[in-house]
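Observations on the model geometry
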Amino acid sequence: MVSAGAGTTDVATAEAVGAAFRQLVGSDPAGVWAAPGRVNLIGEHTDYNDGFVLPFALEQQVVVAAAPRTDGTWRVRSLNRRQTESFGPDDLVPGRVEGWAAYVAGVVWALVEAGHTVEGADLVLGSDVPSGAGLSSSAALECAVLTTLVDLSGLEVAPLDRARLARRCENEYVGAPTGLLDQAASTLCEADNALFLDCRSADTRQVPLDLADAGLELLVLDTKTPHSHVTGEYGDRRRSCEEAAAVLGVPALRDVPVDELDAALERLPDDEMRRRVRHVVTEDARVLEAVAVADAGRPADLAPLLDASHVSMRDDFEITVPTVDLAVETARKAGAHGARMTGGGFGGCIIALVPAGRSDEVGEAVAAAFAEAGHGAPAWFVGRPSAGARRLS
Ligand code: GAF
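Residues numbered from 1 in each chain as written. Predicted model: local features only at pLDDT ≥ 70, side-chain atom pairs only at ≥ 80, totals over all residues.

**Topic: helix 1 (residues 14–25)**
Convention followed: Labels follow the DSSP assignment, with helices taken as runs of H or I lasting at least four residues and strands as runs of E lasting at least two, numbered in each case from the N terminus. Any helix carries an expected span of 1.5 Å times its number of residues minus one. Once C-beta atoms are placed from the backbone, each residue is buried if 20 or more other C-beta atoms lie within 10 Å of its own, exposed if 12 or fewer, and partly exposed for counts between those two. The reported arc concerns the directions from the helix axis to the C-beta atoms and nothing else. Contacts here follow a simple rule: the backbone-placed C-beta atoms of the two residues must lie within 7 Å.
A rise of 1.5 Å per residue sets the reference length of helix 1, with its twelve residues, at 16 Å; its end C-alpha atoms lie 16 Å apart and thus fit the reference within 8%. For helix 1, the complete set of buried residues consists of Val17, Gly18 and Phe21. Projected down its long axis, helix 1 shows its buried positions confined to an angular sector of 105 degrees, all on one face. The elements touched by buried residues of helix 1 are strand 1 (31–42), strand 2 (52–68) and strand 5 (121–127).

Set out below in structure tokens:
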């Protein structure tokens, strides 16, 4: 997973990218735009199975200062990486631009593929979304650039279509076979809400999430075990789900009703496939339950669902790693009501529902457990449901 961000906060403000823009280009930007990273409260590896997800956008975001260029090319400066890359119309071919700049070129490519005319531009990017931590730093980059270029070029692209184009960049230009979760969250989330997304119909609904009112907060803890989507395991899980759906004769695992799960499992050829299917089908059911408890104003009842989701990811979908399991276990022992890994897996972040004001205590307990086990130090913050992609100035 590559992003423009190395997780520093001072480069992700309108002032910082504006000043860097003036230094690079010699004039003011035409505007400043931003798009956030996300945590997924629940609903992991359900998106590409046509199922349900419940993410919220974080305060951490990618910020872009930009202005049109007259020569029809794109020049992009990443403040985090201290690198400037340029590309032109001939580079709008998957594979031509690599590394972090591929997420920018891929967005231009996706817009052009969809029939839009995209103006050349100078863009300066800063990010405080931790990179490689499972918080969608890539989607934040794609969605920030997309929002910028749509505005700069005067295009009409509906919010859901923006998310779909950003996903197309990730799938077809960058080559990561992900679902719609991350780009939908970065584009469509609203402050103080989680986003319920039905990944088949693409219907969405804002779900108010007032954790403070319930005396709670959501700790986001980065185990600093980096993960990657482009290679291996993520694609393997996706293939396994598609094969299982084919064996069961359904378009996607979303079509296996949870109350018919046992009968469906009996029809599968091996234990591994049975475990994969059990995760996806029960995870979809947990998302629906999570939406119901949030709707009922009972966020404390999310806790057992987070716990069950983690066990399912650990034992059935087999996408957790020892640092992540240790973090979840320690967080619970230190007072979290419930905890789970969030994101694609094989490293990255956990989330934990903790009593308000106790995130540091829980984070420190995990840090001590990591030190004792010989792991590097984790980092953490309180996740607050924030706004999706938008123009800042
Ligand atoms: C990653 C992917 F990008 C998402 O599409 C989703 O599948 C997630 O892993 C797992 O829920 O973030």
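**Quick notes on helix 2 (residues 102–113)**
A rise of 1.5 Å per residue sets the reference length of helix 2, with its twelve residues, at 16 Å; its end C-alpha atoms lie 15 Å apart and thus fit the reference within 8%. Of all twelve residues that make up helix 2, ten are buried, and the element is covered over most of its length. Of the residues making up helix 2, those classed as buried are Ala102, Tyr103, Val104, Ala105, Gly106, Val107, Val108, Trp109, Ala110 and Leu111. On its buried face, helix 2 sits against strand 3 (74–78), strand 4 (83–87), strand 5, helix 3 (137–152) and helix 4 (159–174). Just beyond helix 2, the residue with positive phi is Gly115, at close to 95 degrees.

**Remarks on the site of the ligand**
For the record, the criterion: Any residue qualifies as near a molecule or strand once its backbone-derived C-beta atom lies within 6 Å of it. When residues are grouped by polarity, Ala, Val, Leu, Ile, Met, Phe, Trp, Tyr, Cys and Pro land in nonpolar, Asp, Glu, Lys and Arg in charged, and all others, Gly among them, in polar. How far each domain reaches was decided by an automatic or database domain assignment.
Within the structure, the ligand sits among twelve residues, and Glu44, Thr178, Gly179, Leu181 and Gly344 are positioned closest to it. The residue inventory of the shell around the ligand, partitioned by class, reads two nonpolar, seven polar and three charged. Shared between two domains, the shell around the ligand takes at least three residues from each, and those domains are domain 1 (14–207 + 387–391) and domain 2 (212–383).

**Thoughts on the packing of helix 10 (residues 322–333) against helix 11 (residues 359–373)**
For clarity, the threshold we go by: A fitted line through C-alpha atoms represents every axis, and for helices the fit uses only the stretch in contact; the resulting angles, taken between N-to-C directions, go from 0 to 180 degrees. Roughly parallel means an angle under 35 degrees; roughly antiparallel, over 145; roughly perpendicular, 65 to 115; everything else is oblique. Left-handed is the label given to a crossing in which the near helix is rotated counterclockwise from the far helix by less than a right angle, and right-handed is the label when the rotation is clockwise.
In contact at an axis separation of 9 Å, helix 10 and helix 11 are set at 135 degrees when each is read in the N-to-C sense. As the angle between them shows, helix 10 and helix 11 are arranged oblique. Note that helix 10 runs across helix 11; the crossing there is right-handed. Between helix 10 and helix 11, the residues in contact are Leu326, Ala327, Thr330 and Ala331 and Val362, Ala365, Val366, Ala369 and Ala373, respectively. Residue composition of the contact of helix 10 with helix 11, grouped by class: eight nonpolar, one polar and no charged.

**Notes on the environment of Leu265**
On the secondary structure map, Leu265 appears in helix 7 (residues 261–266). Overall, the presence of 18 C-beta atoms within 10 Å leaves Leu265 in the partly exposed class. As a C-alpha pair, Leu265 and Ala244 span 21 residues in sequence and 9.6 Å in three-dimensional space. With residues near it in sequence (within four places) discarded, Leu265 still touches Arg274, Val277 and Arg278.

**A short note on the UniProt feature "active site" (unreviewed entry) in the protein**
Cut-off, in case you're wondering: UniProt positions are given in the numbering used here, feature names are shortened, and annotations may be inferred rather than shown by experiment.
Taking the UniProt record as the reference, the feature "active site" (unreviewed entry) is found at Asp182. Inspection of the secondary structure puts Asp182 in helix 5 (residues 181–188). With 31 C-beta atoms counted inside 10 Å, the residue Asp182 sits in the buried group. Setting aside residues up to four positions removed in sequence, Asp182 forms contacts with Arg38, Ser136 and Ala139.

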